[in-house]
Amino acid sequence: MSNRGGVVKTLFKRDFVYTFYSWGFYVVLFAAFMISSFILKNFLDGIREEDILVSAYPLNYPLFISVIVISIYLVMLSGVSISREREHGTLEVLFYGPVTAGNFLISKYFKDLCLGIIALAFCAVYFYLVSLTTNLGFTAGLVRALVMGVFMISCVVCFGLFISSLTGRTRSSVLVLLAILGGFLALQFVHAALIGMEREALSTPMLYLRETVSHLFRGINWVSPFAFLNRGLDAVVLDSPLLFGLNIFYAVVYSVIFLILSIISMSLKGVKA
Amino acid sequence: MIQTENLTKQYNGFTAVKDLNLKVEKGDIYGFLGPNGAGKTTTIMMLLGLVRPSSGKVYLLGEELNPRNVDVKRKIGVVSENQYFYREMTAREYLEFFASIYRVPGVSDRIDELFKAVGLFNHQNKKIGAYSKGMQQKLAFARALLHDPELLILDEPVANLDPTSIKQLRDLIEEENRLGRTIFVSSHLLSEVEKLCKKVGIIHQGRLLAEDDMSTIKRRLSDTVVLTVEVDKEAAPHLEAVRDLPFVQTVETTSNIFTVTLEADRDYRSDLSRALFESGCVILSMKTKEMSLEEAFMTITQQNISLLTAQEDKS
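Quick caveat, the model's predicted, so the values are computed rather than measured.

Chemist: Honestly, the overall build of chain A in this entry has me stumped. Any pointers?
Modeler: In terms of helices and strands, chain A carries 10 helices and zero strands. The helix and strand sequence of chain A, counted from the amino end, reads α-α-α-α-α-α-α-α-α-α. Scaling as 2.2 N^0.38, a compact globule of 273 residues should have a C-alpha radius of gyration of about 19 Å, and chain A matches this with 21 Å. Burial status across chain A gives 50% buried among its 273 residues. In chain A, once contacts between residues fewer than 6 apart in sequence are set aside, the share between residues at least 24 apart is 80%. Per element, the accessible surface of chain A, about 13000 Å² overall, is 71% carbon and sulfur.

Now the structure itself:
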């Protein structure tokens with residue numbers, strides 16, 4: 001293994017072991033499964049009452065919710081990973097030696113991605129058990145959704161790392177992340193509200209606002225990692241191999257771009273909080 | 001080993017380091033002396049490639065500094081002013097982690113050797129979070145020496161340590177230097193640098209005021225001696241008797257105490273005692289006031305200004 005590979009492996013191992021053996025990871029998994037179970041229960045009650053199965057992929061929506069919960073945890077985890085080390089000064093000590101911004105970020109990326117994959121593996125086991133007990137079927141669509149989940153988690157982690165590379169303190173990272181994600185959500189809400197209004201009912205300024213919000217929304221669809229998650233699940237539901245492949249390609253491009261931006265911003269911001 | 005050429009760092013119009021030209025030779029223990037805020041840590045951060053200089057160049061181990069050149073960084077050990085650790089790790093795990101980063105061969109024996117050298121052998125399995133400041137400083141030394149570096153950069157290495165630990169670490173630094181390591185020590189403690197270093201650079205307000213052998217610097221700093229003399233009566237009425245002495249540069253009085261600045265070309269204490277006795281004062285105590293670091297910097301600064309003025313007059 002090259003020197004750089006060795007450094008990445010060492011950093012990855014320390015960080016991964018520390019996070020994997022912390023309670024946070026398991027609390028999040030538990031929360032994800034609780035929410036999924038609640039949704040599944042409502043779904044099964046619906047089937048029992050109406051005697052009709054309304055979806056070809058009944059487990060996909062609960063899985064989607066689980067992935068969202070895991071993604072929120074991972075975006076927060078990656079979002080504080082650099083700023084926390086900056087704040088505690090440990091980043092500075094690492095950089096006295098043969099650690100560079102590149103191998104530090106790659107180790108963080110793989111650590112969070114691996115945690116995501118492990119979380120998805122737990123999801124696979126959970127949904128397999130659910131399919132056995134409910135006869136809802138562990139479909140190929142569910143497997144595709146799990147595979148897509150890995151790439152979506154990659155986007156989420158890279159976005160979090162980018163925010164963390166810009167900030168000097170843990171609290172700033174959390175606040176910036178919340179502000180950005182809240183902003184995305186608010187825009188989505190405003191967009192949905194404006195689109196829902198009849199064009200004729202809108203005054204000229206409101207029409208102008210609707211157009212502006214639409215443009216912004218389209219732009220944000222390529223920036224927000226959660227929009228990738230949404231599109232990915234759509235591709236699975238539509239059962240389109242082309243869309244599925246395209247979404248994976250977009251996710252890889254997104255991850256690479258955000259990783260490069262993170263390395264640049266980390267190099268420019270330096271090691272001090 | 002270390003060379004800088006007109007190294008300058010500016011932050012939003014504030015100049016932290018200005019045209020710094022340092023030269024540290026192989027095998028030196030170089031003292032980088034300056035008060036807090038003089039620009040020492042900024043200089044070290046630039047030497048390590050962690051702060052980008054506004055202008056100027058840095059050469060480390062014969063190569064121009066490139067922050068991405070990790071091969072040079074493998075040959076440097078650093079102990080910073082503040083100690084930062086993964087506090088959830090034990091000291092041994094911590095050193096094993098860094099040994100893996102630096103790819104140190106024979107890790108276990110090397111770590112044992114270092115724990116013995118810094119006196120932490122019996123505490124190696126404790127969590128770092130439970131370590132005292134002194135123990136953390138020793139652990140930082142062990143980390144810095146782990147990969148057998150050619151150059152050791154120490155930023156305020158004995159700040160906040162008890163006298164026993166200071167002695168222990170000073171002995172360790174001297175031993176490492178005997179083994180051929182070049183050592184760059186940054187400190188605001190004149191006494192510490194004096195005990196350790198062969199060569200000294202003095203930095204003040206981002207500028208290198210002097211760079212020379214310790215002995216030469218000491219001579220420059222000892223052009224004057226300050227004495228505090230306590231007498232049996234009010235000092236002010238006897239001010240003239242002291243001020244008129246040819247070797248007295250300045251004199252101040254407070255209550256029954258004279259603070260007298262004398263020339264240091266020879267010992268004038270007996271002459272001063274005689275003058276005070278003839279003026280009717282009985283001396284209760286006479287102490288030589290140690291020159292504080294600030295005063296030392298002022299002296300050096302004044303000397304530099306005089307030198308520059310003289311050069312300008314000549315031209």
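What follows continues from the structure just given.
Chemist: Help me understand the interface of chain A and chain B, please; the structure alone is not making it clear to me.
Modeler: A common way to report how large an interface is uses the accessible area buried once the components associate. Each partner contributes to the interface: chain A provides 26 residues, whereas chain B provides 23 residues. Both faces considered, chain A and chain B share a buried interface measuring about 2300 Å² in area, 65% of it formed by carbon and sulfur atoms. Considering only the side of chain A, the residues that lose the most area to chain B are A:Arg14, A:Tyr96 and A:Pro98, jointly responsible for 31% of the buried surface there. There are one salt bridge connecting chain A and chain B. Residue B:Glu88 is joined to A:Arg14 by a salt bridge in which the shortest nitrogen-to-oxygen separation is 2.9 Å. The interface formed by chain A and chain B contains five residue pairs in polar contact (both at pLDDT 80 or more). Counting residues per element, the ones that place at least two in the side of chain A that touches chain B are helix H1 (3–20), helix H3 (60–88), helix H4 (90–96) and helix H10 (241–269) of chain A.

Chemist: Sorry if this is basic, but what is going on with empty space enclosed by the protein here?
Modeler: Rolled over the atoms, a probe as big as a water molecule pinpoints where empty space is left. Applying the stated criterion to the full structure yields three cavities of 30 Å³ or more. Estimates place the volume of the largest cavity at around 80 Å³. Along the walls of the largest cavity sit A:Leu63, A:Phe64, A:Val67, A:Ala145, A:Met148, A:Gly149, A:Met152, A:Leu229, A:Gly232, A:Leu233 and A:Val236, which together make up its complete lining. Secondary-structure elements contributing two or more residues to the lining of the largest cavity are H3, helix H6 (140–166) and helix H9 (225–238) of chain A. In the lining of the largest cavity, the residues fall into nine nonpolar, two polar and no charged. Put simply, the second largest cavity is a space of about 50 Å³. Forming the walls of the second largest cavity are A:Val93, A:Tyr96, B:Gly77, B:Val78, B:Phe98, B:Tyr102, B:Arg143, B:Ala144 and B:His147. Secondary structure elements with two or more residues in the lining of the second largest cavity: H4 of chain A together with strand S7 (76–79), helix H3 (91–102) and helix H5 (133–145) of chain B. When grouped by side-chain class, the residues that make up the lining of the second largest cavity number six nonpolar, two polar and one charged.

Chemist: Would you explain the sheet that holds strand S15 (residues 283–289) of chain B in this entry?
Modeler: Note on sheets: strands pair through backbone hydrogen bonds, and any given pair is parallel or antiparallel. All names here are of chain B. Here we have four strands laid out as an open sheet, ordered S13-S14-S12-S15, and antiparallel in their pairing. At either margin of the open sheet sits one strand with a lone partner, and together these are strand S13 (248–254) and S15. Here the average twist between neighbouring strands, direction ignored, is 20°. Direction of pairing for strand S12 (residues 224–231) relative to strand S14 (residues 257–263): antiparallel, over a ladder of seven bridges. From the neighbouring strand, Thr224 faces S14, where its bridge partner is Glu263. Contacting S12, S14 and S15, helix H10 (residues 269–278) runs over the sheet at an angle of about 150° to S15.

Chemist: Explain unusual backbone geometry to me, please; I cannot follow it from the model alone.
Modeler: Glycine aside, a negative phi is what most residues show, and trans is what most peptide bonds show. All names here are of chain B. Phi is positive for Asn12, close to 45°, though the residue is something other than glycine. Residue placement: Asn12 occurs in the loop between strand S1 (2–11) and strand S2 (14–20). With a relative accessible area of 85%, Asn12 lands in the exposed category.

Chemist: What am I meant to see in the pairing of strand S4 (residues 29–33) of chain B here?
Modeler: Each regular strand shows side chains that alternate between the opposite faces of the sheet. Residue and element names in this part refer to chain B. Along S4, five of the five residues are buried, which leaves the element largely enclosed by surrounding structure. Taking every second residue as pointing to the same face, both faces of S4 are buried, with Ile29, Gly31 and Leu33 on one and Tyr30 and Phe32 on the other. With five bridges joining them, S4 and strand S9 (residues 182–187) adopt parallel strand pairing. Counterpart to Phe32 in the pairing with S9 is Ser186.

Chemist: Hey, could you run me through the layout of surface pockets in this one?
Modeler: Considering only enclosed or pocket space, the largest pocket measures out at about 990 Å³ in volume. For the largest pocket, the lining is made up of 37 residues, of which A:Ser267, B:Gly49, B:Leu50, B:Arg52 and B:Pro67 are closest to its centre. Breaking the lining of the largest pocket down by element, the ones donating at least two residues are H4, helix H5 (101–134) and H10 of chain A together with S1, helix H1 (40–47) and strand S5 (55–60) of chain B. No other element matches the six residues that H10(A) contributes to the lining of the largest pocket. Partitioning the lining of the largest pocket into residue classes produces 19 nonpolar, nine polar and nine charged.

Chemist: Help me understand H5(B) in this model?
Modeler: Since there are 3.6 residues in each turn of an α-helix, residues three or four apart along the chain are aligned in direction. Taking 1.5 Å of rise per residue, the 13 residues of H5(B) would be expected to cover 18 Å, and the 19 Å separating its terminal C-alpha atoms lies within 8% of that figure. Counting buried positions along H5(B) gives 12 out of 13 residues, so the element sits mostly inside the fold. Buried within H5(B) are the following residues: B:Gly134, B:Met135, B:Gln136, B:Gln137, B:Lys138, B:Leu139, B:Ala140, B:Phe141, B:Ala142, B:Arg143, B:Ala144 and B:Leu145. Contact partners of the buried residues in H5(B): H4 of chain A together with S7, H3, helix H4 (107–118), strand S8 (151–155) and helix H6 (163–178) of chain B.

How each quantity is defined
Residues numbered from 1 in each chain as written. Chains lettered and ligands numbered in written order. Predicted model: local features only at pLDDT ≥ 70, side-chain atom pairs only at ≥ 80, totals over all residues. Heavy atoms only, no water. Helix = DSSP H or I, 4+ residues; strand = E, 2+ residues; numbered from the N terminus. Rg over C-alpha atoms; globule rule 2.2 N^0.38 Å. Buried < 20%, exposed > 50% of the residue type's maximum accessible area, 1.4 Å probe, protein only. Contact = heavy atoms within 4.5 Å. Areas by Shrake-Rupley, 256 points an atom, 1.4 Å probe, with all protein chains shown as cover. Buried area = accessible area lost by both parts, 1.4 Å probe. Salt bridge = Lys/Arg side-chain N within 4 Å of Asp/Glu carboxyl O. Polar contact = N/O pair within 3.5 Å; in protein donor to acceptor, adjacent residues only side chain to side chain. 1 Å grid on protein atoms, 1.4 Å probe; cavity = no way out; pocket = protein on both sides within 12 Å on 5 of 7 lines; lining within 4 Å. Points joined across faces, edges and corners; volume = space filled by probe spheres on them. Nonpolar A, V, L, I, M, F, W, Y, C, P; charged D, E, K, R; others polar. Pairing = 2+ DSSP bridges. Axes fitted to C-alpha atoms, helices over the stretch in contact; angles between N-to-C directions. Expected span 1.5 Å × (residues − 1).

Interpretation note: all reported values are geometric properties and have no functional meaning in isolation.
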